[in-house]
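Survey of secondary and tertiary structure
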Amino acid sequence: FQHYYITNNLRNGILVMSKCISVGVVDDHNDALNFYYKLIARKKIPFDDLCLVHFDSHPDLAAPESIPVDQFTDRKELLDNLTIADWILPAVYQGHFTTVVWIKPPWSTQIHVGEHEIELGVDDNGLLRTSSILPYYLSDMNYVENLHHTRTFTLHVIELSHLDKETSKEYELLAKILHNRQWCLDFDMDFYSTQNPFLDLLGPYFNFIDSIFKFKDLGDFQRSLTYRKAQLDSLEKLCSSNEVENNLPLSDEQEEFMSSLKHKYPDWAECIKQAKLLAKDDEFITDLFYIGQQTELPHHLSKKSEIRTLLCKTETSLKLLKSSPVAITLARSEYDEYSTQKTLDFVHCELVCMMRRLYRIPSEIGCPKS
């Protein structure tokens, strides 16, 4: 990786060459963690107590589904099994990031704006889980009440809309968070325009699959969690069975869900069959149960004028800050199909130019070749 000298502070608007910064460009966003690990190992950035400022249409804050915590020390094993949705929490649990700021575009609603204290720990199966009752974690079944070897971190969710005004509460909050802190600046380029790739894949059956998989908040998190487990257990059976109309063994809670499903969608069995056929046409993912859990991904294809407005707000917001990051990561996410190559190339080039203006990174970090 290349390291470039930039300022750590602005003095009368003039950049003072005083600190080394590293810039990494990756495609899969989870590869950003490998970049940070290497910087830590080379003592280019601190080992712990970093703040991650994360521009993304997606939080990427899920807990790894099946990686035991005792394997986190095996970095190759960990990195080989992480996904774009769960790469941040292992670094948090290891103490590298103690604060995460998710800066989101207006169309992302996975976690509501505000400050959240989130406890992480190890469950009885040795997996990383959380005691947070945020719907984001309840819907993914990441919630566990009694955890071992816990660690708490602070998550701030801020919408970009008003961050570019020095008098706004959003800017004041971010400036306060970063005051006297060393922080890393992370971008997923789909922040500026994002698509749900399963919308086209499922075609006329997308709304049906989205509806039956949607997390239901019942007002009480324990009731919501119990219902969610029954819902997902039922749907997993339906999506994996070749004969969805067969009488599958169900618990009482699953019977309740199935009764609701049949009442709302009399042709539910045929819809699932057709959706499964469409899922099989996908080149990489043929599992309808997996796809069903991704239907709530945000979908907002921005016009170029809207992208420029968001980029301008981003640059103004970062310029207002009185400190610079110790490392920068840019993730294209091209192969996730969360954005088109044309849009990504435009955003990529604009972000690189922005980083040069703000932090004087040299031309070696360039735009993608057309």
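Residues numbered from 1 in each chain as written. Predicted model: local features only at pLDDT ≥ 70, side-chain atom pairs only at ≥ 80, totals over all residues. Heavy atoms only, no water.

**Details of the overall build of the chain**
Short version of the rule: Working definition: helices are DSSP H or I runs of at least four residues, strands are E runs of at least two. Numbering for both runs from the N terminus. Every residue pair with non-hydrogen atoms within 4.5 Å of one another is taken to be in contact. What sets the accessible areas is the Shrake-Rupley method with a 1.4 Å probe; for residues, cover comes only from the shown protein chains.
A tally of regular secondary structure across the chain gives 13 helices and 11 strands. Taking contacts inside the chain between residues at least 6 apart in sequence as the whole, the part at least 24 apart equals 75%. Here the chain displays about 17800 Å² of accessible surface, and carbon together with sulfur accounts for 48% of that area.

**Things to note about the side chain of Asp123**
Just so we agree on the cut-off: As used in this structure description, the phrase polar contact means that two N or O atoms lie within 3.5 Å; if the pair is within protein, one of them must be able to donate a hydrogen and the other to accept it, and residues adjacent in sequence are counted only when both atoms belong to side chains.
As for its position among the elements, Asp123 is in the loop between β7 (114-122) and β8 (128-130). At 2.9 Å, the side chain of Asp123 and the backbone nitrogen of Asn125 are in polar contact.

**Thoughts on a negative patch on the surface**
Definition in use: Patch membership is restricted to residues that have no salt bridge and whose relative accessible area is over 30%. Joining uses 9 Å for like charges and 5 Å for the nonpolar side chains Val, Leu, Ile, Met, Phe, Trp and Tyr. The rule for a salt bridge is simple: a side-chain nitrogen of Lys or Arg has to be within 4 Å of a carboxyl oxygen of Asp or Glu. Only four residue types enter the tally: Lys and Arg on the positive side, Asp and Glu on the negative side; His and the chain ends are excluded. Charge positions come from single atoms, namely NZ of Lys, CZ of Arg, CG of Asp or CD of Glu. To sort residues, take the accessible area from a 1.4 Å probe on protein chains only and compare it with the maximum for the residue type: under 20% means buried, over 50% means exposed, and anything in between is partly exposed.
Residues Asp252, Glu253, Glu255 and Glu256 make up a contiguous surface patch of negative charge. Taking the relative accessible area as the measure of exposure, Glu253 reaches 36% and is therefore partly exposed.

**Digging into the environment of Phe187**
Looking at where Phe187 falls in the secondary structure, it is placed in strand β10 (residues 183-188). Here Phe187 falls in the buried class, since its relative accessible area comes to 0%. Residues Phe187 and His29, spaced 158 residues apart in sequence, show a C-alpha to C-alpha distance of 8.9 Å. When sequence neighbours within four positions are dropped, the list of residues in contact with Phe187 reads His29, Phe55, Tyr192, Thr314, Leu318, Thr329, Leu330, Ala331, Leu351 and Met355.

**Here's the deal with helix α7 (residues 206-213)**
Of all 8 residues in α7, 6 are buried, a share of seventy percent or more. When α7 is considered as a whole, its buried residues turn out to be Phe206, Phe208, Ile209, Asp210, Ile212 and Phe213. Packed against the buried residues of α7 are α6 (197-202), α8 (221-240), α9 (252-264), α10 (268-280) and α11 (288-292).

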